[in-house]
Amino acid sequence: MLPSSLYIRCADYEIHATEWGAPEAPVVIAWHGLARTGRDMDELARHLAPRYRVICPDTIGRGLSQWAHAPQDEYRLSFYARIAADLFDQLGIAKAHWIGTSMGGAIGTVCASGLFEPRLKGRIASLLLNDNAPRLADAALERIKAYAGQPPAFDTVTELEAFFRQVYQHYGWLSDAQWRHLTETSTRRLPDGRVTPHYDPAMVQQFTHHANDYLIWDHYDALDIPVLCLRGAHSDLVLPETTAEMLTRGPGARGLAQVIEVPECGHAPALNVPEHYALVDGFLAGV
């Protein structure tokens, strides 16, 4: 099964997304991580497509979506929520399940809370956080800022793939074909002919101008929907003490949250193998 490619006007920007499955099926939004693109969700979307309509956006500044004109103001969770709200409206989505990896999980959390975008309150039926939490470890954030803000450039795609294999080794097992797919769907060529990851380096301004943008306990505490946190067993971004706190606050205190550790992964599980699919299927079936 192949996806359709969509270009949607959201918050006055052209946002790209891939769409899988039948238009009348229940909707799943699958949102990628910080320096990635929506094509990271291809394997999961292909698995879900026989039963769901799966929408995989490229965040502004990533993949085939436009880059921000005002990076300081627009690379932040509140603006991403505005884009998501427009995406729901433009695509006629009344309600959807949300699966978010890393940053995509944080976007899902602030969307589901309705604190930034009240028009989204009640429109997210469930939230799967793939190695994301309302508080992230400072040391890991510093590591991410160090590589994300200064993406390297290489003469060949083969060299870029080797870089991706090193940086994203904590995703867990990927086949050679999946590594090649990850590379080819997140590569852009520079004016000098070299290749580099397909995102706007200015997106790192989210950290420099909005230092606490990912400290979102107030949004998490407002959730009254089922939440599943998949924590990579070796993750340095989502710490065990944070997931323990998630079970005592917000949806956790309401008996709506659960945490599952994913073995042989760090930040973040690639959601690309049968064991990962089973965790997603089990959660969606339960809600």
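Note: the structure precedes this text.
Residues numbered from 1 in each chain as written. Predicted model: local features only at pLDDT ≥ 70, side-chain atom pairs only at ≥ 80, totals over all residues. Heavy atoms only, no water.

### Description of the packing of helix 3 (residues 77–90) against helix 4 (residues 103–113)
For the pair helix 3 and helix 4, the least separation of the axes is 9 Å and the interaxial angle reads 75 degrees. Our classification of the angle between helix 3 and helix 4 gives roughly perpendicular. Of helix 4, the residues touching helix 3 (which contributes L77, Y80, A81 and A84) are M103, A106, I107, V110 and C111. Tallied by class, the residues present in the contact of helix 3 with helix 4 amount to 9 nonpolar, no polar and no charged. (Axes fitted to C-alpha atoms, helices over the stretch in contact; angles between N-to-C directions. Helix = DSSP H or I, 4+ residues; strand = E, 2+ residues; numbered from the N terminus. Parallel < 35°, antiparallel > 145°, perpendicular 65-115°, else oblique. Contact = heavy atoms within 4.5 Å. Nonpolar A, V, L, I, M, F, W, Y, C, P; charged D, E, K, R; others polar.)

### Focus on the sheet that holds strand 10 (residues 257–262)
Read from one edge of the open sheet, 8 strands run 1-2-4-3-5-6-9-10, paired in mixed fashion. The sheet terminates laterally at strand 1 (4–10) and strand 10, the two strands that pair on one side only. For this sheet, the mean angle separating the axes of adjacent strands, direction not counted, is 20 degrees. Bridging between strand 3 (residues 27–31) and strand 4 (residues 53–57) involves 3 bridges; their strand directions are parallel. (Pairing = 2+ DSSP bridges.)

### What to know about helix 4
Among the 11 residues that make up helix 4, 11 are buried, leaving the element largely enclosed by the rest of the structure. Considered for burial, the residues of helix 4 that qualify are M103, G104, G105, A106, I107, G108, T109, V110, C111, A112 and S113. Positive phi shows up at G114, right after helix 4, with a value of about 75 degrees. (Buried < 20%, exposed > 50% of the residue type's maximum accessible area, 1.4 Å probe, protein only.)

### As for the environment of G114
Relative to the helices and strands, G114 is located in the loop between helix 4 and strand 6 (124–130). Separated by 46 residues in the primary sequence, G114 and L160 have C-alpha atoms spaced 39 Å apart.

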